[in-house]
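Listed here are the chains, written in short residue letters.
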Amino acid sequence: MKVVLFCGGYGMRMRTGSADDLPKPMHPVGPRPLLWHVMRYYAHFGHTDFVLCLGYGAQYIKDYFLNYSEAASNDFVLREGKVELLSSDISDWTITFVNTGQDSPIGERLRRVRHLVQDEEMFLANYADVLTDAPLDDMVARVRETGAAASMMVVPPQQSFHCVEVGEEGKVSGITAVSSLPLWENGGYFVLRPEVFDHLPRNGDLVEDGCGALAEQGKLIAYQYKGFWQPADTVKERAALERGYASGDRPWMLWDREDERGDVLDGVR
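Residues numbered from 1 in each chain as written. Predicted model: local features only at pLDDT ≥ 70, side-chain atom pairs only at ≥ 80, totals over all residues. Heavy atoms only, no water.

### Considerations on the nonpolar core
Consideration 1: Core analysis: the largest hydrophobic core is formed by 48 residues, its most contacted members being Leu5, Tyr41, Tyr42 and Leu52.
Consideration 2: Considering every element that reaches this core, the biggest residue donor is helix α1 (residues 34-44), with eight residues.
Consideration 3: Core analysis: the second largest hydrophobic core is formed by 22 residues, Phe6, Val51, Phe197 and Leu214 among them. (Core = buried A, V, L, I, M, F, W, Y, C linked by side-chain atoms within 4.5 Å. Buried < 20%, exposed > 50% of the residue type's maximum accessible area, 1.4 Å probe, protein only. Helix = DSSP H or I, 4+ residues; strand = E, 2+ residues; numbered from the N terminus.)

### With respect to the sheet that holds strand β8 (residues 123-126)
Consideration 1: Ordered by their spatial adjacency, seven strands build an open sheet running β7-β4-β1-β8-β13-β10-β14, and the pairing between neighbours is mixed. The open sheet is flanked by β7 (94-99) and β14 (220-224), the only strands paired with a single partner. Within the sheet, the average angular offset between the axes of one strand and its neighbour, ignoring direction, is 25°.
Consideration 2: One ladder, built from six bridges, connects strand β4 (residues 49-54) with β7; its direction is parallel. The residue of β7 that forms the bridge with phenylalanine 50 is isoleucine 95.
Consideration 3: Against the sheet, helix α5 (residues 136-146) touches β8, β10 (150-155), β13 (185-192) and β14, its axis set at about 150° to β14. (Pairing = 2+ DSSP bridges. Axes fitted to C-alpha atoms, helices over the stretch in contact; angles between N-to-C directions. Contact = heavy atoms within 4.5 Å.)

### Thoughts on the pattern of salt bridges
Consideration 1: Under the criterion given, the structure shown has 11 salt bridges.
Consideration 2: The partner of aspartate 129 in a salt bridge is lysine 24, and the shortest N-O contact between them spans 2.8 Å. Of this pair, aspartate 129 sits in the loop between β8 and β9 (130-132) while lysine 24 sits in the loop between β1 (2-7) and β2 (28-29), placing them 105 residues apart in sequence.
Consideration 3: Classification of lysine 24 by relative accessible area gives buried; the value is 12%.
Consideration 4: In this structure, arginine 79 engages glutamate 84 in a salt bridge whose closest nitrogen and oxygen atoms are separated by 2.4 Å.
Consideration 5: Accessibility expressed as a relative area gives 42% for arginine 79, which makes it partly exposed. (Salt bridge = Lys/Arg side-chain N within 4 Å of Asp/Glu carboxyl O.)

Spelled out as structure tokens, the structure:
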């Protein structure tokens, strides 16, 4: 199944103001960039055909993969000046790089790669700035079982604040933590059928236009997930992922967990 990754935004909340600011998906978590972790998650479930929707910082992303060093995160033997890898990250990946515009919204970026996925039964899509340990196979299975045109992973509100009910004369009638309300927010992991393109206008938005129209028709389902889900939309959030990686707290790295037999799956240690 093809995986469309939207990695062309400016990522303003991640920027430091320097002239050489990296695009958000290229900020590191451990020895590899955030984008690699997202791609490795999909590869863990057997989805290794990627379409990268490029925009801001496209050359950073191209150069990274054109000059990819397997030795940075895999064991190897150096014999007679030649590197013999003991494992590999991306040797079986197919990556298509597409310039989808410097300022294009997400829906427009998807429209510009339509020709690459329109013949698929389903395809996957992601903002490339969120990590999770959600069971992807289950997400896909639910779309097949329900016949839905699209699925959006939703998660509980991540912000910690209180909603205040105000009555007449400014009297407070109630205070409720947002975490206790029956609210869900977009988690950024999508399973889509090509039907979504029927509802994407030029320069439109994937969620408001595409998913919104499908929701009105009863063709959009939500995959509610309360497990690990961590965005990297700000410097603070990425720093939290970096601390987790450094301490060994890496729940999103499913490929690096021990299986039921105690064998270690291949991947970054």
